[in-house]
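What follows is each chain in one-letter form.
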Amino acid sequence: MPQPLTDTASAVLADVRAQYAQLRGRTQFSLQDLFCPDHFRLDAWCLRFHSHPQSGALAEVAKSFGSQYGLWLENARHHVTCALFLYPGADPLRMLDMMKNLLIDFYLNDVMGRDVFPLLPEPKQREAERIVSRIGKYDPDLPVPENALPVEFANILVLRDFRDNAPDAWFRRFLRLYTQHVTITHRDNSAVARGVIPTVEEYIEQRCHYAGMHHIVMWVEYATGDFLDWSWLTDAGMEEDLRQLHLAVAAFGALSNDLFSFEKEVIVQGSDANLMMAVVLNGKACTLQNVIRQSAAIVRNLLEDYFRLTESCKRRMLVYTPLFPQQTALVLRHLAGLERCMQACWAWQVHTKRYKSPGSIWLETTLPVPEKIR
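The shown structure was predicted, so the numbers you read here are calculated from the model rather than taken from an experiment. For every chain, the first residue of the written sequence is number 1, and numbering continues from 1 onward in sequence order. The predicted nature of this model means local features are confined to residues of pLDDT at least 70 and side-chain atom pairs, given and counted, to a pLDDT of 80 or more, with totals for whole chains, interfaces and linings taken over all residues. Excluding hydrogens and water, the side-chain figures rest on all heavy atoms present in the structure.

Turning our eyes to something else, we now look at the confidence of the model for the chain. Residue-level pLDDT values for the chain average 91, and 97% of them are 70 or greater. Mean pLDDT across the elements of the chain ranges from a minimum in helix H5 (residues 76-80), with 75, to a maximum in helix H2 (residues 31-35), with 98. Confidence drops under pLDDT 50 across residues 370-374; counting only partners more than four residues distant or on other chains, this segment forms 3 contacts. Looking at any residue, its pLDDT shows the predictor's confidence there, from 0 to 100. Secondary structure is summarised from DSSP: a helix means a run of H or I of at least four residues, a strand means a run of E of at least two, and numbering begins at the N terminus for each. Working rule for contacts: check all heavy atoms of both residues, and any pair within 4.5 Å makes them a contact.

Before going further, it helps to examine the packing of aromatic side chains. When two rings of Phe, Tyr or Trp (its six-membered ring) have centres within 6.5 Å they constitute a pair, described as stacked for plane angles under 30 degrees, edge-to-face for angles over 60, and tilted for the intermediate range. Summed over the entire model, instances satisfying the criterion amount to 29 aromatic pairs. Pairing Tyr 222 with Phe 227 gives two aromatic rings, centres 6.5 Å apart and planes at 70 degrees, and the pair type is edge-to-face. Of the two residues examined, Tyr 222 and Phe 227, each falls in the buried class. Ring pairing ties together the aromatic residues Tyr 87, Phe 162, Trp 170, Phe 171, Phe 174, Tyr 178, Trp 219, Tyr 222 and Phe 227, which thus form one cluster. Exposure classes here rest on a 1.4 Å probe applied to the protein chains alone. A residue is buried below 20% of its type maximum, exposed above 50%, and partly exposed in between.

Only protein atoms enter the 1 Å grid, on which a cavity is a set of points fitting a 1.4 Å probe that cannot get out and a pocket is an open set with protein on both sides within 12 Å along at least 5 of 7 lines, lining residues being those with an atom within 4 Å of a point. Grid points are joined across faces, edges and corners, and a volume is the space filled by probe spheres set on the points. Going through the model one piece at a time under the given rule, you end up with 1 cavity of 30 Å³ or more. For the largest cavity, the calculated volume is near 60 Å³. As for the largest cavity, its lining consists of Asn 189, Ser 190, Ala 191, Ile 197, Pro 198, Tyr 203, Asp 272, Ala 273, Ala 278 and Leu 281. Tallied by class, the residues present in the lining of the largest cavity amount to 7 nonpolar, 2 polar and 1 charged. Gly is put with the polar residues, along with every residue not named as nonpolar or charged; the nonpolar set is Ala, Val, Leu, Ile, Met, Phe, Trp, Tyr, Cys and Pro, and the charged set is Asp, Glu, Lys and Arg.

This part takes up unusual backbone geometry. In this model, Leu 142 sits at a positive phi of 50 degrees, which is unusual for a non-glycine residue. With a relative accessible area of 3%, Leu 142 lands in the buried category. Not every positive phi belongs to a glycine, and Asn 147 is a case in point at roughly 55 degrees. The topology assignment puts Asn 147 in the loop between helix H8 (122-135) and helix H9 (150-164).

Right, let's talk about the pattern of salt bridges for a bit. By definition, a salt bridge exists where a carboxyl oxygen of Asp or Glu is found within 4 Å of a side-chain nitrogen of Lys or Arg. Enumeration according to the criterion identifies 14 salt bridges in this entry. Across the pair Arg 41 and Asp 33 runs a salt bridge, and its minimum N-O distance is 2.6 Å. Relative accessible area serves as the criterion here: at 38%, Arg 41 is assigned to the partly exposed category. On the accessibility criterion, Asp 33 (48% relative accessible area) is partly exposed.

Here we take up the nonpolar core. Ranked by internal contacts, the top residues of the largest apolar core, which has 130 residues, are Phe 35, Tyr 87, Phe 162, Trp 170, Trp 219, Phe 262 and Trp 362. Here Trp 362 is in contact with Gln 28, Phe 29, Leu 31, Leu 34, Leu 259, Phe 260, Phe 262, Glu 263, Met 276 and Ile 292, once residues within four sequence places are set aside. Only buried Ala, Val, Leu, Ile, Met, Phe, Trp, Tyr and Cys residues count toward a nonpolar core, and they belong to the same one when joined by side-chain atoms within 4.5 Å.

We now examine the packing of helix H15 (residues 239-260) against helix H18 (residues 288-320). Angles shown run from 0 to 180 degrees and are taken between the N-to-C directions of axes, each axis being a line fitted to C-alpha atoms and, for helices, limited to the stretch in contact. Interhelical geometry of H15 versus H18 gives an angle of 150 degrees and a closest axis separation of 9 Å. In terms of orientation, H15 lies roughly antiparallel with respect to H18. The crossing of H15 and H18 is left-handed. Considering only residue class, the contact of H15 with H18 consists of 17 nonpolar, 5 polar and 3 charged. Under this scheme an angle from 65 to 115 degrees is roughly perpendicular, one under 35 degrees roughly parallel, and one over 145 degrees roughly antiparallel; angles in between are oblique. By convention, the crossing between two helices is left-handed when the near helix turns anticlockwise from the far helix through less than a right angle, and right-handed when the turn is clockwise.

What follows deals with the packing of helix H13 (residues 213-224) against helix H19 (residues 325-351). Following both chains from N to C, one finds H13 and H19 inclined at 130 degrees, their axes separated by 10 Å at the closest point. What the angle tells us is that H13 and H19 run oblique. The handedness of the crossing between H13 and H19 comes out as right-handed. Along the contact surface, H13 presents Val 217, Val 220 and Glu 221, while H19 presents His 334, Gly 337, Leu 338 and Cys 341. Its residues placed into classes, the contact of H13 with H19 shows 4 nonpolar, 2 polar and 1 charged.

Given below as structure tokens:
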């Protein structure tokens, strides 16, 4: 008789935690070494990278907006400031739109997200379900719901700013992805809750959505107002390469984060919604060290895909530049924006305190062990 999925997942998680306990304090891995192809170093690639030059002022304005609607949470600062890394050349007003959206997203996750939802009293659970349902509803007209709560009202205001400052086709795609992200993020995405163990490929597809990485990649266009001409890209035979490039950037951001947050999400919180758990639940590895190597290889392949596809697009631009100088200049600016986004995925995760802990198995997230417990 097959073992129930709950028991299987619990047994695998217990084994991963036991192996982790044996590694912690004895073995340490460098995520950079694990992610990097031969003769490439992420830290060297990001050496000249910098966050937005107006980071301090923009962070304060975003905080003021959050406070105005009762949405500011002090631990949101780490989450909201990632936009300042992702889009260092953004127009300040456009940057604020993105930061406000991230602030609302963090508030929803921290106050009524899937991890805290079971702890809420029943009336709060019903209210949370109503809020998430209404915010996750795709409606390009963006009406303010009747008896809207502050978070809903603030969300509509921010989405209207996106709508008013972008082409209609771009906004409609962004809104579909954003509302899908809200819906998926507030669902328990564990294998036990869904009643099935997703394949690694299925997990990756789902992870990009609930990480919000698809619309975060779209923000490369929004940040500077340089919106791609997809009809020209199709005629130029570049549409498929560029869409695959966007997927590589989105998946690299989401899945590299799975390794950075492995200790926080899997070891501490007991979640199986993580690339490393998807690998082990699919029987792809026997030991935690093998899980680490196989998961990191997926991330490394995405980094290699990014460079291969970027080079392919740049070669095409050399051919088209004499005939279509404006279109090719736009694509090259977009590729530069994607490069900064990729660099930021690494630089922000190394910089933020969100994943750091004493005795981490990752070199990049290790804090010094306090003297009294050494």
